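Each chain, letter by letter, is given below.
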Amino acid sequence: MTDPERHVSDALAAKNLRAVRFTKEEMRDRKTPDFRVFRDSEFAFYCEVKEVAQDDWAEGGRPDPIFNRLVADIHTSVKQFKSANSDRRDPNVLAFVNNDNRCDYLDLLAVTTGQFFAADGSNDPIYRQFSEGRIRDEKFQVDLYLWFDSFKADQFLFNVFDARHLDRLCGYLSVDPLSLEILGDRP
């Protein structure tokens, strides 16, 4: 298990959830997410883990790669979810473990909603090339995005537009569904 996978597994264990890897045979036959997650003996959801590694990008040398990396991770994860959960009968959870101090949860919000969220509470649709590009439809195949910073508090981003699994996931994480903030435009 990689360090990011261990981090997510430990965070899920703190919520009384158990992350179980797919078997070698299953992984050999097809792409899979990293884990099946259980509460006691009950299957809860599929979970894929992506690390946002520190990037030594020097501003000005090239465009900021953070948004493209997040988009690529979402795109790849959706392919993995589809191989294990093509009918979307169960929730798909994408967990990011961030180790890049130039990247944060707001970058995830930018690529999934297309919005820039300013400190004063305003927002502007300046990131639509990401949210409406390659992941335009794919981002909705993820029911919950988990964001684990190695240097800040954990964040959750629930897919409230396709709410089939919302109550179930909120229950696992002890989150009141009525407390969720709706971000961005509905598809």
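For the structure, check the block above.
What you are looking at is a predicted structure, and each value in this text was computed from that prediction instead of being measured.

K.L.:
Please explain the packing of aromatic side chains as it appears in this structure.
P.N.:
Each aromatic ring pair is described using two quantities: the centre-to-centre distance and the angle formed by the ring planes. Enumeration according to the criterion identifies nine aromatic pairs in this entry. Look at Phe38 and Phe43: their rings are 5.6 Å apart centre to centre, the planes differ by 75°, and that puts the pair in the edge-to-face class. A centroid spacing of 6.2 Å and a plane angle of 55° characterise the contact between Phe45 and Tyr172, whose relative ring orientation is tilted. Taken as a pair, Phe45 in strand 3 (residues 42–52) and Tyr172 in helix 6 (residues 166–173) lie far apart in primary sequence, 127 residues in all. Each member of the pair, Phe45 together with Tyr172, is buried. Ring pairing ties together the aromatic residues Phe22, Phe38, Phe43 and Tyr46, which thus form one cluster.

K.L.:
What am I meant to see in the sheet that holds strand 8 (residues 155–158) here?
P.N.:
Adjacent strands of a sheet form backbone hydrogen bonds with each other and so pair up, either parallel or antiparallel. Ordered in space as 1-2-3-4-7-8, the six strands form an open sheet in which the pairing is mixed. The open sheet has two edge strands, strand 1 (18–21) and strand 8, and neither has a second partner. Averaged over all pairs of adjacent strands, the angle between strand axes in this sheet comes to 30°, irrespective of strand direction.

K.L.:
How should I be thinking about the environment of Asn101 in this particular structure?
P.N.:
Topologically, Asn101 is positioned in the loop between strand 4 (92–98) and helix 4 (105–113). Judged by its relative accessible area of 58%, Asn101 falls in the exposed class. Discounting chain neighbours no more than four positions away, the residues touching Asn101 are Gln54 and Phe151.

K.L.:
Help me understand the nonpolar core in this model?
P.N.:
Across soluble globular proteins, nonpolar side chains have a tendency to be buried as a group. In this structure, Leu70, Ile74, Phe96, Leu108, Val111, Tyr145 and Trp147 are the most contacted members of the largest nonpolar core, which totals 27 residues. Contributing elements (two or more residues each) for this core: strand 3, helix 3 (66–84), strand 4, helix 4 and strand 7 (144–149). At eight residues, the largest contribution of residues to this core is made by helix 3. In this view, Leu108 contacts Leu70, Ile74, Phe96, Tyr145, Trp147 and Leu157; residues no more than four positions away in its chain are not counted. Ala44, Val49, Ala95 and Leu144 belong to the second largest nonpolar core, which has 24 residues in total.

K.L.:
Honestly, the pairing of strand 7 in this entry has me stumped. Any pointers?
P.N.:
On any regular strand, side chains alternate: one points to one face of the sheet, the next to the other face. Here strand 7 lies mainly inside the structure; six of its six residues are buried. Residues of strand 7 alternate between two faces, with Leu144, Leu146 and Phe148 on one and Tyr145, Trp147 and Asp149 on the opposite face, all of them buried. The pairing of strand 4 with strand 7 spans six bridges and is classified as parallel. Note on strand 7: the bridge partner recorded for Phe96 is Trp147. Where strand 7 and strand 8 come together, four bridges link them in antiparallel fashion.

K.L.:
I tried to follow the pattern of salt bridges on my own but got confused; where do I start?
P.N.:
Two side chains of opposite charge can pair, provided their charged atoms sit close to one another. Inspection of the entire model under this criterion finds eleven salt bridges. When the shortest N-O distance is used, the salt bridge between Asp143 and Arg88 registers 2.5 Å. Placement of the pair is Asp143 in the loop between helix 5 (128–131) and strand 7 and Arg88 in the loop between helix 3 and strand 4, with a sequence separation of 55 residues. Of the two residues, Asp143 and Arg88, neither departs from the other in class, the shared state being buried. Measuring nitrogen to oxygen at the nearest pair gives 3.5 Å for the salt bridge that ties Glu132 to Arg136. Residue class for Glu132 comes out partly exposed when judged on its relative accessible area of 34%. Since its relative accessible area comes to 47%, Arg136 is described here as partly exposed. The network of salt bridges with shared partners includes Arg89, Asp90 and Arg168.

Parameters and conventions
- Residues numbered from 1 in each chain as written.
- Predicted model: local features only at pLDDT ≥ 70, side-chain atom pairs only at ≥ 80, totals over all residues.
- Heavy atoms only, no water.
- Phe/Tyr/Trp six-rings, centres within 6.5 Å; stacked < 30°, edge-to-face > 60°.
- Helix = DSSP H or I, 4+ residues; strand = E, 2+ residues; numbered from the N terminus.
- Buried < 20%, exposed > 50% of the residue type's maximum accessible area, 1.4 Å probe, protein only.
- Pairing = 2+ DSSP bridges.
- Axes fitted to C-alpha atoms, helices over the stretch in contact; angles between N-to-C directions.
- Contact = heavy atoms within 4.5 Å.
- Core = buried A, V, L, I, M, F, W, Y, C linked by side-chain atoms within 4.5 Å.
- Salt bridge = Lys/Arg side-chain N within 4 Å of Asp/Glu carboxyl O.

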